[in-house]
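Chain by chain, the residues:
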Amino acid sequence: MLRKLFTEHRAVFKFLGLFFGTYLLLSLIYLIYISLTTAENAADPLTGLVGKQAQALINGWGYKAQVLPSGGQPELQLFINGDLVARIIEGCNAVSIIILFAAFVVAFKKALKKTLVFIFAGAVLIYGINLLRIGILAIALYHHPEKEPLLHQVVFPALIYGLVALLWMLWVGVFKKRKTNG
């Protein structure tokens with residue numbers, strides 16, 4: 001009975017194995033990176049880079065942004081015109097979203113080169129959109145701090161995860177077309 005189930009649904013089990021295997025492997029690598037590069041009570045280097053880039057982006061839009069380490073916490077504080085508007089934590093660097101994206105793409109893999117190029121291009125796009133998300137969210141919170149729950153917990157996550165879903169649909173759509181036409 002169990003053998004028949006695995007035989008009939010081999011493609012599903014293969015997808016799940018590739019997805020969860022890739023997700024776990026990349027998450028483990030990221031966890032090791034975090035543990036090796038994060039000083040006690042300080043943000044990791046990638047989150048620090050995201051903070052610096054968000055600061056430059058917001059400054060480029062005509063605001064005076066400043067990102068500073070938080071006293072005793074593994075986070076950065078984002079100020080606009082002297083007002084604290086947000087905290088940038090490790091989860092704000094988009095790596096976990098990129099890992100989720102990559103795991104799905106690997107589970108629907110094509111040729112190695114196409115898969116790697118799509119993952120790289122998607123990761124760059126997700127990273128860039130995430131920077132825009134942080135900048136726009138910070139400015140929105142500067143002007144409308146009372147909207148923080150809606151903006152931070154609903155609108156902006158929907159945008160970033162919506163982008164990932166669109167990339168997945170693009171990947172699967174192209175994959176299916178090529179497979180049926182080839």
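Enquirer: Would you mind going over the overall build of the chain with me for this structure?
Expert: A count of helices and strands for the chain gives six helices and three strands. Projected onto its principal axes, the C-alpha coordinates of the chain cover approximately 65 × 35 × 30 Å. Looking at the 182 residues of the chain, the share that counts as buried comes to 34%. Between the averaged position of the 17 positive side-chain charges in the chain and that of its 8 negative side-chain charges there is a distance of 24 Å.

Enquirer: How should I be thinking about helix H2 (residues 10-37) in this particular structure?
Expert: Structural remark: α-helix, 3.6 residues per turn; residues separated by three or four positions point the same way. For H2, built from 28 residues, the straight-helix expectation of 40 Å at 1.5 Å per residue is met to within 8% by its first-to-last C-alpha distance of 40 Å. The set of residues buried in H2 consists of Phe19, Thr22, Tyr30 and Ile34. Against helix H4 (95-107) lie the buried residues of H2.

Enquirer: Would you explain the pairing of strand E3 (residues 83-88) in this entry?
Expert: Two faces belong to every sheet, and in a regular strand the side chains alternate between them. As judged from the five bridges shared by strand E2 (residues 76-80) and E3, these two strands associate in the antiparallel manner. Across the sheet, residue Phe79 finds its bridge partner in E3, namely Leu84.

Conventions adopted
- Residues numbered from 1 in each chain as written.
- Predicted model: local features only at pLDDT ≥ 70, side-chain atom pairs only at ≥ 80, totals over all residues.
- Heavy atoms only, no water.
- Helix = DSSP H or I, 4+ residues; strand = E, 2+ residues; numbered from the N terminus.
- Buried < 20%, exposed > 50% of the residue type's maximum accessible area, 1.4 Å probe, protein only.
- Lys, Arg positive; Asp, Glu negative; His and termini not counted.
- Charge placed at Lys NZ, Arg CZ, Asp CG, Glu CD.
- Expected span 1.5 Å × (residues − 1).
- Contact = heavy atoms within 4.5 Å.
- Pairing = 2+ DSSP bridges.

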